[in-house]
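A closer look at the structure
What follows is the residue order along each chain.
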Amino acid sequence: MNKNLSTRLSMPLLAFAISLAMAALAGSIATMFAGIFGTLLAFIFAALAGITWNFLKTRLDARKALFSNGEGSASKEVPADRLDALTGLANINGLNAWFAEKSARLASDNKAIIVLTADLANFDQLVKTKGIEEANSVLKEAAKRVSSFTGEDGVAARIEGDEFAAIATVVPSRSLELAAEQAGKLTEMLQRPVELPTGVVWIGGSVGAATGNPQDGLVIFEKAKAALKKAKQLGRGHYFVDGVSDK
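Residues numbered from 1 in each chain as written. Predicted model: local features only at pLDDT ≥ 70, side-chain atom pairs only at ≥ 80, totals over all residues. Heavy atoms only, no water.

1. Side note on the side chain of Arg158
Position of Arg158 relative to the elements: it lies in strand E2 (residues 155-160). By relative accessible area, which is 16% here, Arg158 ends up buried. Of the polar contacts made by the side chain of Arg158, one reaches the side chain of Asp84; its length is 3.2 Å. Setting aside chain neighbours within four positions, we find Arg158 in contact with Asp84, Leu86, Thr87, Leu89, Ala90, Asn91, Ile92, Leu139, Glu163 and Phe164. (Helix = DSSP H or I, 4+ residues; strand = E, 2+ residues; numbered from the N terminus. Buried < 20%, exposed > 50% of the residue type's maximum accessible area, 1.4 Å probe, protein only. Polar contact = N/O pair within 3.5 Å; in protein donor to acceptor, adjacent residues only side chain to side chain. Contact = heavy atoms within 4.5 Å.)

Here it is as C-alpha cells:
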C-alpha cells in the first residue's frame with residue numbers, strides 16, 4: 001500500500017482506539033472510586049481522550065492538505081486561461097479542454113452527453129439601467145443556476161458575455177428525454193428573480209439543448225448553440241431541443 005495512503009488510513013484508527021481506551025478508563029475509574037475523587041479522575045481522563053482525538057485529527061487534516069495540494073499532488077489546479085474570472089466557471093478554452101480530455105473516457109464508459117446552452121434576455125438593457133456591477137451580480141447568479149445541471153462528470157462554462165453552457169453525462173437510452181427535461185428546468189430557473197441591492201430583477205432567458213456521443217462533443221455543442229438560436233427566435237422563456245423540438 002502507498003505510504004501516504006497507509007498513514008492516512010491508520011491515523012484515524014489510532015486516534016479512535018486511544019480515545020476509546022481513555023474513555024473506557026474514565027468509566028472504570030468512576031465505577032471504582034465513588035464520590036468527588038472518582039468523578040474528578042473520570043473527568044480528567046475523558047478530557048484527555050477528547051484532546052488526543054482533536055490533536056491526531058488535526059495532524060491528519062494537515063497531512064490530507066499536504067497530500068492534496070502539495071508537491072507531487074495527484075490533483076492539479078485548473079490553468080487560469082481555462083477559467084472565467086468573473087463567475088469561476090470554465091471559459092471557452094476550458095470547455096474545449098473538457099471535450100479533449102473527457103470525451104474518450106466517457107465514450108468508453110458508454111455514456112452520452114447533454115449540452116445545454118443558455119442566453120440571458122435583454123442583458124445589454126440591464127447594464128444600462130442597473131450598471132455593470134449589478135449586471136455582473138446577475139451573471140454570477142446565472143452561473144450558479146447553470147452549474148447545477150452538470151452532475152459529477154460534467155462542466156459548466158461561460159462561453160462569452162451573457163451566454164452559458166452546461167454539459168452532463170447520461171445513459172444513452174434516455175438522452176433525448178433527459179435533454180428536453182433539463183432544458184425545460186433550466187429555462188424555468190432562468191426566469192426566477194434575482195435580488196440586487198437596488199431591487200429585484202427578473203432576468204429570463206432562452207435555452208438550447210443537444211445530445212449524443214461524447215466523442216462528437218464539439219459537434220453536439222454546435223447543435224446546442226443552433227438550438228439556442230431557434231429558442232431565442234421563439235422568444236424569452238423558450239427552449240429548443242435538437243432532435244426533439246424540430247420533429
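2. A closer look at the packing of helix H4 (residues 123-130) against helix H5 (residues 132-147)
Helix-helix packing is described using two parameters, namely the angle between the two axes and the distance between the axes. The geometry of H4 relative to H5 is characterised by a closest axis approach of 7 Å and an angle of 140° between their N-to-C directions. Considering the angle they form, H4 stands oblique to H5. Counted together, Phe123, Leu126, Val127 and Lys130 of H4 and Ile132, Glu134, Ala135, Val138 and Leu139 of H5 form the full contact between these two elements. Taken together, the residues of the contact of H4 with H5 break down into seven nonpolar, no polar and two charged. (Axes fitted to C-alpha atoms, helices over the stretch in contact; angles between N-to-C directions. Parallel < 35°, antiparallel > 145°, perpendicular 65-115°, else oblique. Nonpolar A, V, L, I, M, F, W, Y, C, P; charged D, E, K, R; others polar.)

3. Some words on the layout of surface pockets
Looking at the largest pocket, its volume works out to about 290 Å³. Lining the largest pocket are 16 residues, with Val78, Arg82, Gly94, Trp98 and Val155 sitting closest to its centre. If you tally residues by element for the lining of the largest pocket, the top one is helix H3 (residues 92-108), at five residues. (1 Å grid on protein atoms, 1.4 Å probe; cavity = no way out; pocket = protein on both sides within 12 Å on 5 of 7 lines; lining within 4 Å. Points joined across faces, edges and corners; volume = space filled by probe spheres on them.)

4. Here's the deal with the pairing of strand E6 (residues 205-212)
Of all the eight residues making up E6, eight are buried; the element is thus mostly covered by neighbouring parts of the structure. Of the two faces of E6, the one holding Gly205, Val207, Ala209 and Thr211 and the one holding Ser206, Gly208, Ala210 and Gly212 are both buried throughout. Where strand E1 (residues 112-120) and E6 come together, eight bridges link them in antiparallel fashion. Among the inter-strand pairings, Leu120 is bridged to a residue of E6, identified as Gly205. Where E6 lies against strand E7 (residues 239-241), three bridges are found, and the strand directions are parallel. Considered in E7, the bridge of Ala209 is made with Val241. Following the chain from E6 across helix H7 (residues 217-234) to the adjacent parallel E7, one finds a crossover that is left-handed. (Pairing = 2+ DSSP bridges. Right-handed = clockwise from strand over helix to strand, strands pointing away.)

5. Quick notes on the sheet that holds E2
If you walk across this open sheet you meet the five strands as E2-E3-E1-E6-E7, and the pairing is mixed. The sheet is open, and its two borders are formed by E2 and E7, each paired with just one other strand. Neighbour-to-neighbour, the strand axes of this sheet turn through a mean angle of 20°, independent of strand direction.

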